[in-house]
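# Coordinates in review
Listed below are the residues making up each chain.
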Amino acid sequence: MFAYIVRRVLYAIPILIGVNLLTFTLFFVVNSPDDMARMHLGVKRVTPEAIEKWKAERGYDKPLLYNERAEGLQRFTATIFFEKSVSLFAFRFGRADDGRDIAWDIRQRMWPSLAIAIPTFLLGILVNITFAMLLAFFRATYIDVWGVVLCVILMSISTLFYIIGGQYMVGKLLHLVPISGYDSGTNAFKFLVLPIVIGIISGIGAGTRWYRTIFLEEINKDYVRTARAKGLSELRVLFRHVLKNAMIPILTGAVVIIPLLFMGSLLLESFFGIPGLGSYTIDAIQAQDFAIVRAMVFLGSVLYIVGLVLTDISYTLVDPRVRLE
Amino acid sequence: MSGDDILLRVRDLRVQFGQGPQAVRAVDGVDFAIRRGETFALLGESGCGKSMSALALLQLVPRPAGRITSGEVWFDGQDLLALSEQQMRQVRGHRISMIFQEPMTSLNPVMTVGEQIGEVLEQHLGLPRRARRDRTIELLTDVGIPAPARRIDDYPHQLSGGMKQRVMIAMALAGEPDLLIADEPTTALDVTIQAQVLELLAKIQRDTGMAILLITHDLGIVAETVDHVAVMYAGQIVEAASRRELFASPLHPYTRKLFAAVPDRRKRGRKLETISGNVPPLNRRFTGCRFAERCDEAWLRCREQAPAWTERETDGETHGVRCLRYQPGIEAPRVVSRPGSETGSGETKPASASTLLTVRDLKVHFPIRKGLFKRVVGHVYAVDGVDLQIADGRTLALVGESGCGKTTAGKAILRLIAPTAGEVIYDGQDLARLPADELRRLRARLQIIFQDPFASMNPRMMVGNIVEEGMRAQGIGRTAEERRQRVAQLLEQVGLPPEAARRYPHEFSGGQRQRICIARALAVEPRLIVCDEPTSALDVSVQAQTLNLLKDLQDRFGLGYLFITHNISVVAYLAHDVAVMYLGRIVEQGPVDAILDDPRHPYTRALLSAVPSLDENGREIIRLEGELPSPINPPPGCHFHPRCPDAMPVCAERYPDPVTLPDGRVVKCHLVGD
Amino acid sequence: MAKRSRPFWLWPAVTVLILALAWWQLPAQFGVRPVYLWTDRLIFLLLAGALFLGGWIRRREHLRQPWVEVFRQRRAMVALVVLLAFVITGLLDSVHYRKPLPMVDGQQGVQYSVEVVTLLDELLGTLREGTEKTYSAPFAMTQLARETVTLPDGTQSRIRPRLRHGGAHLTDPSQRGRDILASGLAGAAIGVGLTMLVWLLLGAILSRRWQTSWRAALTRIVHGRTEVPWRAILVTAGSLLVLMAMTALWSRHWHVFGTDKVGEDVLYLAIKSIRTGLVIGTLTTLVMLPFAILLGIMAGYFRGWVDDIIQYLYTTLSSIPGVLLIAAAVLSIQVYIANHPDLFETATDRADLRLLALCVILGITSWTNLCRLLRGETFKLREMDYIQAATAFGVGHFTILGRHVLPNVLHIVLIIVVLDFSGLVLAEAVLSYVGVGVDPSTISWGNMINGARLELAREPVVWWSLAAAFVFMFALVLSANLFADAVRDAFDPRLREQSP
């Protein structure tokens, strides 16, 4: 197990290098820093001096990969690649275009993101499993058939509409909760309820249908027939035998996204004005703040890889057949 | 058959899948009765409805696709089919238990053995937790699981196949049932394990007096273990009698054919009886006898009138049959019996036949990698030094239980798996070391036929293209037309019409597919064919067709066969030489008669004794303890010594050297020679 | 031997030839200047490919069988009719050209308008041209907002001015209800009439196939005693026809879905968005397929270092959260486009290339899933006996890949392609919201929603843009999902759902 985790961590290094090379190419090779400066400054204010100043302020005035003018090791370290890409490995994210420290922002904004993402995630799984179990129990009846159709209908609606509709109905027409905003501590609750509920509802269609497929696949297996031949009731078969086996694909599918919960939910946070990492990312994209986007890409990849390792570990917990070696 | 000792009586049971005119009537009017304490067998080939009948007794027919459309199941005074689901649950696992064919998949993989058995005790006997555990350990002891107190907390994957089936049996026994339904309980197991499980079932029956309904396709098992037999065909029972009566004088033509189709030694050199055609699809309506179109003895009336169930008494026993031939008031035409025709060749080929292929010290080791850098920490010694010689026009049977490495050896000879060491010499060249392009040219000489006829053909290709593939790869036949003619000729040789070339594999039955595979192999004019269990997925009657074909082709073209199998009766019928494999090595090798008559290696002896035979003269089964050890850590010394009834101290120290006996065979055992 | 029949590619080839000829020759006939956008070309390439594939599948029993099953399912066929309506609209909207300007005296040669229009625009004539000044509600006669106007008598007043187009033909505002009802009924009648015509036509065609009389065929359709659920198809098509006819009649004088901020007809925008949605849903797949298939089966078949490299590739790509990767790529391209304005002839060109770029980016981020699935399946297939048999014949690796592996994984490709479609249509809206979607000048549902969501705060609420985008998107995505379900069930028996 230990050796396995160490190996996975070692395997993560080339992947993160790949991610870094990719973002480096996208942000510095496809477009030179000059291009970026020109776009940020706008057409009217473009002068060679303004471009140099813009680049110098952000540290983009160095060569990309190799600095001829520097000495010794500096030839490699005093470059954009080293300062902007390699330093990400030390989680040194640098400063945003407006001069704020990205790492500090991330630490601040992580908590609202978690506050909205974790309940949405956990309650969502619970709700989806409940509905899927119900459909599996009534499998091959009209309840099941129309339940599936309902799921398809629910998943055919864009998340945007769930958010806009929910916000409009609950917030604006019924005035039950504030439409947007955030507060610290327990006061945050009233701001969080609506986004969480909407987050869960928007996932019901796809989630329920997927879990139902998993349940049905399990239900057709031989051991379920054995359980029935023992004289167990259908509910007991479902809960003790089917659910326990179905938890293997369900959990492992879910675990991989747990670390990504840090990044929050882009749309929910943005619409409800919650100062989390999701809205941070969207704002950065809209402001074309590449430093933040780069930082978030790197952070996202790290978290995803952590998720993969967690998934493998969770396998060993729910499936006695798996031993990590 | 009447009286109070009847435990279960089934009347006119019908199970249907689907609706409307396309509905499949899997069970179509089945009647039988089981006495208390007896073993009753439902015998039939795949798809005859025997498993469905058994599931129907417990109302476990997979729904909603299937449903029981009519019938009565009287069990101990109640009609089970009239019970509610709630009441039925009291019967399942308590009054009637069931064990299934696949012990690998029939246990819940994420629950411990103890939990799964405990569930029954809780459900039906209401035992408290502590008592459940004690009782579970008792049950595990009863079914012969060593160290049950430790095993109780194991998960199914930690047990071997035989152990899993024992756990299934323990689970079935937990509710103390009056009837145990065993659906092909040993089909997925090796013969030596099969012998253990059958003996266990017999012992339990002696101890508890419960009745057993045994569902099987294996005539050998029926011959040895049961009291009464009912033969099923196409959803109906066609014959029912006591075992003794049925084996002494089978009445129904189908039953008779079935017996005749089983290969054995005495039928060597003769063609096996076969049943032509296939089992009819059950989604059609029958007017006459369901067997009529495949029956040699059928006459016009058989196709028009459905035969009624006819019973006759012999020696106070009832013998029922569903055939017009025995129906009172019907005059049946006489049957012109056709004796089994001789195959062209003499019984044995001269031993001087030239050597086709020589295998020397063949090894296939699969590395096991572990740890941080995936270092190789061990090997699976799948094939560990195999020597073989195959002669022109002769059949060498490579026999062994699953996991002994016989299939790996076969594939390594053809270099479908890269051999680790050793030589495979064909025509003066070592195939194991030949460069890829030269090997490619030689591939035409050595061909293979696989076990599973459903997996061995690309479902997206037409049969013609499948057969042609090798010819194109090997550059046989210059033009498309030439190849097409050759394909037609090949299909004819294996008994298929030339139109088959333009159809897809899924349109053929298992036996036909296997024949297409044979045609495909023949297309490149090979000298040697590795037959990897070519008949083990087939029913007895279809197996006979395939064996006949293989034998016929050998005689015509002088092909050499390496026949990989676990089926001793096929070996006895077909092979000239036998090599017995155990854990990656050959333990005994020699002419077939010598080995079958007088096996010298203890393993060979045990293996042969474990095979159920149709002969009634009792054989003594040499019980082997335990199961095949892991090829990762073969036991030191002779691999077989931990299970060997005759093991000596030396056996644990040193692997025995090969000893050549005067009759030409080679044995590796300290008992022999030393 | 079976009789030699016409080759499978005959009819597809004829169709494609006719289409190509029309595309090439017809513009000159009508005196317009064709504009071949990149997405247009790819769409027609896709169409041609689909036609050939269809012809090929028809000839192969085992390939046709699952489709026959799909065509027998009522729900799938209803969805397919709706999908077809969308596809036809999208195709009509993919024929771009520039119209000639009126001749000025002394002009040498014809001058063409800079505005690029499509065949669809011609059909939607009044919708496109009947613009207003700003917001107006559905079926409104007056603007939403009050405006200060100078009355003929010189005084100023804040009133809601009458619309230029909406209800302009009525002098008496009280006639509004009657007019709407009347044209609605007329439209419904036309729709029903057209449906009857379709029914009669269908009966005529089917009577030949079934070899029955025309009347018998007509009754069989009505009673639903057909293998293909023609009745359901007819009802769906009929409903669509009625809806379309009603909307068409209404649109002559009204804005059915109102107008937006700059006074454009919302219905027009919603219809024009169809093409964008379809392009993203289909071209993205087209872009990713070659990579996913080739890399997936190669990784699964060759294993070893080939597998290691390919796995590394897709693990790296999939480790970046999708939105961020897309955002990063789109931002780069945005900067690139902004800095190279000289590369594009017209604004349409630029928007089109940005759309194509979005497809490529989406394709690059979404191939990993299919690639992983194919790798897994090939892994299993590799062990199949028929591949071992081919090896035993000395058949080469790439022949095995093409002959034995590829045909046996195509069903997975198909299922994923169909399942992905609706997800991509939905993704467009979200990406446009985030600001990394299509060009702001491209008409799309995402841009519509984006522009409209802030207006919910207005009083009175401007809801119609959202409603129109919702209705159209929902119809497309739902029918795509229902169809995808049927396809998956038919092609992947393992997942087949039990029906009562």
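Fair warning: this is a prediction, and the values are worked out from it, not measured in the lab. (Residues numbered from 1 in each chain as written. Chains lettered and ligands numbered in written order. Predicted model: local features only at pLDDT ≥ 70, side-chain atom pairs only at ≥ 80, totals over all residues. Heavy atoms only, no water.)

With that out of the way, let us pick up the interface of chain B and chain C. Taken together, the contacts link 31 residues of chain B with 24 residues of chain C. The contact between chain B and chain C buries some 2,500 Å² in all, and 58% of this surface belongs to carbon and sulfur atoms. Three residues stand out in chain B for area buried against chain C, namely Asn458(B), Arg460(B) and Glu469(B), and they jointly supply 25% of the buried area on that side. Where chain B touches chain C, the interface holds 1 salt bridge. Arg403(C) serves as the salt-bridge partner of Glu469(B), at 2.8 Å between the closest nitrogen and oxygen. Our count for the contact surface shared by chain B and chain C stands at 14 residue pairs in polar contact (both at pLDDT 80 or more). Secondary-structure elements contributing two or more residues to the side of chain B that touches chain C are β18 (446–449), α15 (463–474) and α17 (510–522) of chain B. No other element matches α15(B), which puts 5 residues into the side of chain B that touches chain C. (Contact = heavy atoms within 4.5 Å. Buried area = accessible area lost by both parts, 1.4 Å probe. Salt bridge = Lys/Arg side-chain N within 4 Å of Asp/Glu carboxyl O. Polar contact = N/O pair within 3.5 Å; in protein donor to acceptor, adjacent residues only side chain to side chain. Helix = DSSP H or I, 4+ residues; strand = E, 2+ residues; numbered from the N terminus.)

Residues and elements named next belong to chain B. Across all of its chains, the model carries 71 salt bridges over all chains by this definition. Where Asp-153 meets Arg-133, a salt bridge forms, and the shortest distance between an N and an O atom there is 3.0 Å. Highlighted residues: Asp-153 in the loop between α6 (148–151) and α7 (161–174) and Arg-133 in helix α5 (residues 129–142), separated in sequence by 20 residues. A relative accessible area of 40% places Asp-153 in the partly exposed class. (Buried < 20%, exposed > 50% of the residue type's maximum accessible area, 1.4 Å probe, protein only.)

With that out of the way, let us pick up the sheet that holds strand β1 (residues 33–35) of chain C. Residue and element names in this part refer to chain C. Strand order in the open sheet formed by 3 strands is β1-β2-β3, with antiparallel pairing between adjacent strands. For this open sheet the edge positions go to β1 and β3 (112–118), each flanked by a neighbour on one side alone. With strand direction ignored, the average angle separating the axes of adjacent strands in the sheet is 35°. Note: β1 against strand β2 (residues 96–100), 3 bridges, orientation antiparallel. Residue pairing for β2: Val-35 is matched across the bridge by His-96. (Pairing = 2+ DSSP bridges. Axes fitted to C-alpha atoms, helices over the stretch in contact; angles between N-to-C directions.)

Function cannot be inferred from these measures alone, as they are strictly geometric.
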